[in-house]
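What follows is each chain in one-letter form.
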Amino acid sequence: MNQLMRKLIMVLILLTVIASCTSGCYDQREVDEMAYVMAMGFDKGTTEKLRLTLQIITFRNQEGGEQGGRQRGGQGGGQTDQITVECSALFDGINLANTILSRQINLMHAKHIVISEELARNGDVEKYISAVIRYRQIRRIMNFIVTKGKAEDFLKENQPFIGNDPPKDMQLLKKQSAYTSYIPEVKLFDFYNNVKSTMIDPIAILAGVNPEGNLAAGNLTEESLQSGQYLAGKIPREGGTKKEYFGAAVFRGAKMVGEIDGNGVKMYKMVHGLFERGYFIINDPLAPDYVISLDVRQSRKPSIEVKVTGNEPKINVEIFLEGEILAIQSRINYEDPKQSHILETTFEKIIKEHLDSLIKTCQQDFKADIFGFGRYAAFSFPTIESWEEYNWKEKFPEGKVSTKVNFVIRRTGMITKSSPIVPPIGDVQ
Amino acid sequence: MIQEGKIGVFEASSLVIFMVASKALFGAVRELVEATGPSAWYTTIISGITALIGFWIIIRLMQRFPGQELVSILKTVYGRITGSLIALIICFLYIYNAASFTREFTEAVKVFEYPLTPPSFIMILILLAVIVLLYYGLETTARTTSFFTWPLIVGMISIFFLGLPLGKLTNLYPLLGHGLDRTIITGLLRSSVYGEVIGLTIILNALQGIENFKKAGKHGIIISIIIISLSLFIYSLIFPYSVSVENTIPLLTLTRIIEYGRFFQRFESIYIFIWSVAATLTTAINLYLALSIYCKTFRINDHRVLVLPLCILLFSIAIIPKDIVTITSIYVHYLRQYGWIIFIGLPLLTLIVAAVRGKKGESANA
């Protein structure tokens, strides 16, 4: 009997533990009792300090009906809806939004954090980021975005063009960044680490809303690197969704101080060793009326060396690139090793010019070390105290930077020898 | 005398690994990074080496009194009353350790997973599992621990490898952190992180000989050094110093940022499993050692009668701290900072007193 009682007690204890653990007890919540936020937008408020926009997945239009989608979120989509509230802080806004919805707002699946340019330029990011970082539901793998104009307007247009899956669309931004290189990959984790660092200044993904009928607004210059000179919201185009990611917002500490275009982002990625791949269109060195298209990759990590003797640090940057020829409009035989070096040298020169220009802008205009040269400068300091005393961010604008670019054409695509197209009879010069 | 059964080298090493290395799963990592900066990963190696030296002193003490466990040695060296009092201090230290561990885990669970669940409810759930383990005694506790040792090691190492691509070598600079002197002093003081190895002296008779005791202690400390140092290394590699001092539970924060594409995310599910198991088993081991000391001090033969009162005592101590900051900055901090006095200082003092007073074990006298 005693033995039986003992076993019975043990079984009861076991059942209690299992029942408590598996049901979640006090914190149990049904999935369909939640309103899942996909993106959060922060704007400067008019009546309150903050205007918070929450883009929430609604699960309406699951069957792919078009009508509902168009009524709600811009073109296509329709799986999300948004709530905008004026509030004093993030959680105040969430509380207010919770009074509108019967389901409880949950940030566990949020993919984007979108800050308006106005808020970013005022330095107000500092106020809101602490709440975002501290809250357990928010993951630091969210994309950190600064939008031209209002975050509220951007989120209205934040709908997928293909398919009916807004979260997937937002997550694919990472791949978009990798294969275009015009968009930096900036997570909340990266932004926060850099904004707190004494060695680097942060950047954010630059986004915007492209107005309808912008096709004629293109203003391609004679610059050597075409098509990368735009900022978000300015790409000459028709079709697709109105939302656009292009370029980056530059911060000094927590304050936005400027923007860099798509080409700038490519240079930024090269210095960080994050440049995976990008198409480059350059003017033909031997036939300036034509252009050459190249598919360029980083062949190995850059070599960065920072010497900190005196007040003027000396920074040496060497970039290693390799590429494949995509198109030669002039059909000059650049595949020939005797001529390929012309193309290689020209490309190296162009990249160096852009790199130097970006570094100069960061030193003189932004006074922000977005390249993280400070991380390499820290090698020369034995302790945190000596490093902090040196005050890198003050020294960076005075630094003497020398850059070197190495480029090799590795492949020539499916053609190994370009030759001119036979001109029509009677047209021979 | 309390019957503890018999355990092997692997089981005993597992006890040490859980008591020591599972600290890396909690706030200890953050605290060490705050104290020393990016040099934390090798500061703990200094602590580990100091602990190995301390363990060598313990071995010398145990060799001087063959066949005797620590409580018996203390009584022989200091006399019955003083020896018992010292033993009770160690007993209290283990209860205190278990209580701060339980509460730290409870608070962390509340922060990250169950914000609405009352802390007492979480603690009661842990204690229910602990009661079952303690009721069945050392053999069951040690075998359960050894069963979960590989999941703990593999789980932690997989987290390290998954997080590695996020790391930046430059985050480990300035290499000397807050200075070499501070690194060395902190390393020496915090040797108490590995001090729980002294627990093996309490269950020496279950270990079947001094050789097994030596092996289990050394293996336990060395594996723990590797795990803790790797945890600190990876953590410092991923988070710059200014951010690394902020995170409440460093490794959990790390697992939340690991992502491989759209599908492989939220790796904290691995972490939370090993985290919960580690917290329960560490509490159980610490509490068993306290129980064992108490029984040996007062010559109680059946430890089971003390299981429930001890768990209630632990619950009462664990519920005292008013917030998570009090636990980490006072309870845990002082334990890590001054624990060496008991874990290393006491055996050394006992060895000296034994030598001065000419006290030796029976076989050593022969």
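Note that the structure is predicted; figures quoted are calculated from it, not measured.

S.K.: Quick question: what am I supposed to make of the overall build of chain B here?
M.R.: Tallying secondary structure elements over chain B gives 16 helices and two strands in all. The C-alpha radius of gyration computed for chain B amounts to 20 Å, which stays within 12% of the reference 21 Å derived for 366 residues, consistent with globular compactness. Across the 366 residues in chain B, those meeting the buried criterion constitute 55%. The long-range share in chain B, meaning contacts at least 24 apart out of those at least 6 apart in sequence, stands at 85%.

S.K.: Mind showing me how you'd approach the overall build of chain A here?
M.R.: If you tally the helices and strands in chain A, you get 14 helices and 13 strands. Each principal axis of the C-alpha atoms in chain A carries an extent, and together these give about 105 × 60 × 60 Å. Residues classed as buried in chain A amount to 40% of the 429 residues present. Here the contacts in chain A between residues at least 6 apart in sequence split such that 73% fall between residues at least 24 apart.

S.K.: I keep staring at the interface of chain A and chain B and nothing clicks. Help me out?
M.R.: In many analyses, interface size is given as the accessible surface area lost on bringing the parts together. With 27 residues of chain A in contact, the opposing surface of chain B contributes 29 residues. Of all the elements in the fold, those that place two or more residues in the side of chain A that touches chain B are helix 1 (2-23), helix 9 (188-195), helix 12 (373-377) and helix 13 (384-390) of chain A. A class-by-class count of the residues in the side of chain A that touches chain B yields 14 nonpolar, six polar and seven charged.

S.K.: Help me understand helix 11 (residues 337-366) of chain A, please; the structure alone is not making it clear to me.
M.R.: Every α-helical turn comprises 3.6 residues, leaving residues that sit three or four positions apart pointing alike. All names here are of chain A. Between the first and last C-alpha of helix 11 there are 42 Å, a value that for 30 residues agrees with the 44 Å anticipated at 1.5 Å per step. L343, F347, I350, I351, H354, L355, L358, I359, C362 and F366 are the residues of helix 11 that are buried. With its phi angle positive at about 50°, K367 sits one or two positions after the end of helix 11.

S.K.: Mind showing me how you'd approach the environment of V243 of chain B here?
M.R.: Tracing the sequence through the fold places V243 of chain B in helix 10 (residues 241-244). Distance from V243 of chain B to T145 of chain B, taken between C-alpha atoms, is 34 Å for residues 98 residues apart in sequence. If sequence neighbours within four positions are ignored, V243 of chain B has contacts with Y192, N193 and K196 of chain A.

Thresholds applied
- Residues numbered from 1 in each chain as written.
- Chains lettered and ligands numbered in written order.
- Predicted model: local features only at pLDDT ≥ 70, side-chain atom pairs only at ≥ 80, totals over all residues.
- Helix = DSSP H or I, 4+ residues; strand = E, 2+ residues; numbered from the N terminus.
- Rg over C-alpha atoms; globule rule 2.2 N^0.38 Å.
- Buried ≥ 20, exposed ≤ 12 C-beta atoms within 10 Å, placed from the backbone.
- Contact = placed C-beta atoms within 7 Å.
- Nonpolar A, V, L, I, M, F, W, Y, C, P; charged D, E, K, R; others polar.
- Expected span 1.5 Å × (residues − 1).

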